[in-house]
Amino acid sequence: MAIVTPLKTAAEQQLAQQYADAKAELPGGPAVRKLREDAFAGFEAKGLPHRRLESWRYTDLRALLREARPLATGPGRLDAARAKLAELALDATVVVLVDGAFVPELSSLEGLPEGLSVQTLADALVSGRDDLPRVLAGPSVAADDSGLMLNAALMRDGSFVEIAAGVALEKPIAIVRLFSGENEISVYGRSVVLIGDGAKATIIEVNACLGKAPQQLNVALVVEAGSETEVEHIRLVTDQSEGSVGVFSLLATVGAHAKFDSFALVCNAATVRQQHFVRYAGEHTEVGLRGINLLGGTEHSDVTLIVDHEVPHGTSRELFKSIIGGEGTGVFQGKVVVRQHAQKTDGSMKSNALLLNEGATMFNKPELEIFADDVVCGHGATVAQIDGEQLFYLMARGLPRPQAEALVLQAFAGEAAEFIADENVRALVMSEVEAWLAAREAASQVSTV
Amino acid sequence: MLEIRNLVVKIADEDKQILNGLNLTVNDGEVAAIMGPNGSGKSTLSYVIAGKEDYEVLDGEILLNGENVLEMEADQRAAAGIFLAFQYPLEIPGVATMTFLKAAMNAQRKARGEDELLTPDFIKQVNAAADKLGIAKDMLRRPLNVGFSGGEKKRMEILQMALLSPSMCILDETDSGLDIDALRIVAEGVNALRSKNRGFLVITHYQRLLDHIVPDTVHVMSQGKIVRTGGKELALELEKSGYASYGEAA
């Protein structure tokens, strides 16, 4: 029998070289070093994820990464980052990472409230704390994703946040990843948020590129929320430079009687793959995963999620709204797994897309994998054009077509944002949506003149 | 003044012709009613006047104050003074009613070269008009028409009519889905807007609405044409005899 050795692509060979060169100086004690070694061995066996894998079918990372860009080793220039932070004006505990590296002078970590501790991932990795392997592994359904293996092998920095039991944080925690875009680089980062029983927190992730050079990003957020926690997670992926490829993973484990809501906005974002892995670690827990994708040009946004109902009495809600113009491509792959013992699971998953023109594409693939026999689970996926009746109604009241369209689109997208509990964050999200729509409206007016 | 001459219309993607050489004039200050059986083309007529895209005008013209509106998009027709109160007002989730009202009023003002309304003036106007129609404040805070009852939706249409102050109002089966109290409130709202500078075209199946909004003229429509015209007593006659004598079953 012939032994088949998969041919390595140029990028895979470069990644192997990068890992070999970097592993001695990547942060971490012996346990972390072993974790990196195992992860890289796993990655080497599988290679970059590609279209013949069902979960990566529509986003062929092996084809997209023709070359592995050099690993970022430190932050680029900070002036643009400073300006971006001023523009965001986040009223939050802010951790700033520029090109993957923690930048203390841009972060606001003084006077943290009692029960909140924030350190860098690098510090946590060298601390030798013995829960690291468990925490970093995340839900088991994420275990064989080779994109995450690569992240585990090469992760350099991020933030490591711990919220003590019973603490209700007044201000959100914002993990702001800015990419200077001065050079073509790759960034592997990971952040961890551990939330003690009964605590309440809002976590904001900002991901924006400030320059023009294409970036290769592979960042992950690990959230471990204890029982009776209330957690809101907001992710913004905006202004990715042309030619960039970004993989954004969320690894969430949620305890009993808890509420975990995640929302992600993707706009002006080149090629983006989001993957959410959520595990129910306790009963009577509600999870909501929602998002808005606004695509134009040749942009590509992939949302792939696995919600793993491992225990009974779990509720899950997914709602994703995509507006796709130009030659943009949207992907939604949602999988809800209900294990045999997870009786009384209540799941509902929706992905709605509006295509603005010919040439725009949406792939919708909702899946239910149910082994229990007493559950309520449903899914719905739609791909449509703007509702002509709604448009006519608004125009009959005097709104010119571009303005009427913008209003209908804003309303369509806004439905997913309505679930954001934090008003300031919701306003921030909707202001990004409005800016995207205004830019589109302006472009359509120019083209009709 | 609205003048429709020899209007021939078909559905855009089908061969089905709906209006077959329709002639109609509604003068300023006049309230004209159109009655007719299902399928006679009443709603199509209202949509074509307002500028809906699903139809193809094969012949004829529609003049508003002497200007042909067929070349205009729906928003331009609205700014020129045409208002269609929908039979089934659209629900637009996510669009706050106040946001929509302000956008509509300002879009029309802009199209006419007027300054945009200041927010306090806008709110004053909306509150005054809403009070007259018995529209509660919380309705204005909700998304446009979402979760509104049939009566609330129709009142919202009349509120928009009052705020946009059109010169030609078309009411498409405004009585459908209304109970008798809601009908009275809506009719009072319409009657309050009657003026010598404003024409109304009231489309209805039933005479009932015309007890409350008393027309100057009644037209009978059948098979895409106006087949008979008379005074308000014609409506009573139709209520008794039905539409059978006009070549269609009721």
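Residues numbered from 1 in each chain as written. Chains lettered and ligands numbered in written order. Predicted model: local features only at pLDDT ≥ 70, side-chain atom pairs only at ≥ 80, totals over all residues.

1. As for the overall build of chain A
Along its length, chain A carries 10 helices and 19 strands. Relative to the 2.2 N^0.38 estimate, which gives 22 Å for 449 residues, the radius of gyration of chain A is 21 Å and therefore close to what a compact globule would have. Reported as C-alpha extents along the three principal axes, the dimensions of chain A are approximately 70 × 65 × 50 Å. The proportion of buried residues among the 449 residues of chain A is 52%. In chain A, once contacts between residues fewer than 6 apart in sequence are set aside, the share between residues at least 24 apart is 84%. (Helix = DSSP H or I, 4+ residues; strand = E, 2+ residues; numbered from the N terminus. Rg over C-alpha atoms; globule rule 2.2 N^0.38 Å. Buried ≥ 20, exposed ≤ 12 C-beta atoms within 10 Å, placed from the backbone. Contact = placed C-beta atoms within 7 Å.)

2. Let's talk about the overall build of chain B
Across its full length, chain B carries 9 helices and 10 strands. Expected size for 250 residues packed as a compact globule is a radius of gyration near 18 Å; at 18 Å, chain B falls within 12% of this value. For chain B, the spread of C-alpha atoms along the three principal axes comes to 55 × 40 × 35 Å. Here chain B holds 250 residues, and 42% of them are scored as buried. Of all intrachain contacts in chain B linking residues separated by at least 6 positions in sequence, the fraction that spans at least 24 positions is 71%.

3. Regarding the interface of chain B and chain A
Facing 22 residues of chain B, the contacting portion of chain A comprises 18 residues. Taken together, the elements giving at least two residues each to the side of chain B that touches chain A come down to helix 2 (74–80), helix 3 (97–111) and helix 6 (150–164) of chain B. Ranked by residue count, the leading element in the side of chain B that touches chain A is helix 3 of chain B, at 5 residues. Counted by class, the side of chain B that touches chain A contains 15 nonpolar, 4 polar and 3 charged residues. (Nonpolar A, V, L, I, M, F, W, Y, C, P; charged D, E, K, R; others polar.)

4. Re the pairing of strand 16 (residues 329–338) of chain A
Residue and element names in this part refer to chain A. Summarising burial for strand 16: 8 of the 10 residues are buried, a large majority. Note: strand 14 (residues 300–309) against strand 16, 10 bridges, orientation parallel. Among the inter-strand pairings, threonine 304 is bridged to a residue of strand 16, identified as glutamine 333. Looking at chain direction, strand 16 and strand 18 (residues 361–370) are connected through 10 bridges and run parallel. Paired with threonine 329 across the bridge in strand 18 is threonine 361. (Pairing = 2+ DSSP bridges.)

5. Things to note about the domain arrangement of chain A
Residues and elements named next belong to chain A. Per the domain assignment, the segments of chain A are domain 1 (10–282) and domain 2 (389–449). The gap between the C-alpha centroids of domain 1 and domain 2 is 31 Å. Classifying every residue of the side of domain 1 that touches domain 2 by side-chain character gives 7 nonpolar, 3 polar and 3 charged. (Domains from an automatic or database assignment.)

6. Quick word on the pairing of strand 17 (residues 346–355) of chain A
Residue and element names in this part refer to chain A. Across the 10 residues that make up strand 17, a large majority, 8, are buried. Pairing of strand 15 (residues 315–324) with strand 17 involves 10 bridges; the strand directions are parallel. Note that in strand 17 the partner of serine 316 across the bridge is glycine 347. Bridge count for strand 17 against strand 19 (residues 376–384) is 9 bridges, and the pairing is parallel. Within strand 19, the residue paired with methionine 349 across the bridge is histidine 379.

7. Section: helix 7 (residues 146–154) of chain A
Of all 9 residues in helix 7 of chain A, 9 are buried, a share of seventy percent or more. Turning to helix 7 of chain A, its buried residues are Ser146(A), Gly147(A), Leu148(A), Met149(A), Leu150(A), Asn151(A), Ala152(A), Ala153(A) and Leu154(A).

8. With respect to the sheet that holds strand 4 (residues 55–64) of chain B
All names here are of chain B. Taken together, the 4 strands give an open sheet; going across it, the order is 2-1-4-5, and neighbouring strands pair in antiparallel fashion. Taken across any chain shown, the strands that pair with only one partner, and hence form the sheet edges, are strand 2 (17–26) and strand 5 (67–68). Pairing between strand 1 (residues 2–11) and strand 2: 7 bridges, direction antiparallel. In the strand pairing of strand 2, valine 9 is matched with leucine 19. Each of strand 1, strand 2 and strand 4 touches helix 1 (residues 42–50); the most contacted strand, strand 4, lies at about 70 degrees to it. (Axes fitted to C-alpha atoms, helices over the stretch in contact; angles between N-to-C directions.)

9. Let's talk about the sheet that holds strand 11 (residues 259–267) of chain A
Residue and element names in this part refer to chain A. An order of 2-1-5-7-9-11-13-15-17-19 is seen for the 10 strands of this open sheet, with the pairing classed as mixed. The open sheet is flanked by strand 2 (101–102) and strand 19, the only strands paired with a single partner. Alignment of strand 9 (residues 230–238) against strand 11, held across 9 bridges, turns out to be parallel. Bridge pairing in strand 11 links arginine 235 to alanine 264. In the packing of helix 9 (residues 401–417) onto the sheet, contacts are made with strand 11, strand 13 (286–295), strand 15 and strand 17, and the angle to strand 15 comes to roughly 155 degrees.

10. Observations concerning the packing of helix 2 (residues 30–46) of chain A against helix 7 of chain A
Residues and elements named next belong to chain A. Where helix 2 meets helix 7, the closest approach of the two axes is 8 Å, and the angle between their N-to-C directions is 145 degrees. Once helix 2 is placed against helix 7, the crossing between them reads as left-handed. Contact with helix 2, carried on its side by Leu35, Arg36, Ala39, Phe40, Gly42, Phe43 and Lys46, involves Ser146, Met149, Leu150, Ala152 and Ala153 of helix 7 and no other residues of that element. When the residues that make up the contact of helix 2 with helix 7 are grouped by side-chain class, the tally is 8 nonpolar, 2 polar and 2 charged. (Left-handed = near helix turned anticlockwise from the far one by under 90°.)

11. Brief notes about the environment of Ala129(B)
All names here are of chain B. If you trace the backbone, alanine 129 turns up in helix 4 (residues 119–132). On the neighbour-count criterion, alanine 129 (19 C-beta atoms within 10 Å) is partly exposed. A C-alpha to C-alpha distance of 19 Å links alanine 129 and isoleucine 213, two positions 84 residues apart in sequence.

12. What to know about the nonpolar core
Counting 208 residues, the largest nonpolar core has Val176(A), Phe83(B) and Ile170(B) as the members making the most contacts within it. Element by element, the count of residues in this core is highest for helix 9 of chain A, at 10 residues. Shared between two domains, this core holds at least three residues of each, these being domain 1 (10–282) and domain 2 (389–449) of chain A. In contact with Ile170(B), other than residues within four places in its own chain, are Ser46(B), Ile49(B), Ala50(B), Phe83(B), Leu84(B), Ala85(B) and Leu201(B). (Core = buried A, V, L, I, M, F, W, Y, C linked by C-beta atoms within 7 Å.)

13. Description of unusual backbone geometry
Note: most residues except glycine have negative phi, and most peptide bonds are trans. Residue and element names in this part refer to chain A. With a phi angle near 45 degrees, alanine 270 is a residue other than glycine that sits in the positive phi range. Along the chain, the position of alanine 270 falls in the loop between strand 11 and strand 12 (271–280). Since 23 C-beta atoms lie within 10 Å of it, alanine 270 is described here as buried. Even without a glycine there, the phi angle at histidine 313 is positive, about 60 degrees. By the secondary structure assignment, histidine 313 is in the loop between strand 14 and strand 15. Judged by local crowding, histidine 313 falls into the partly exposed class, with 18 C-beta atoms found within 10 Å.

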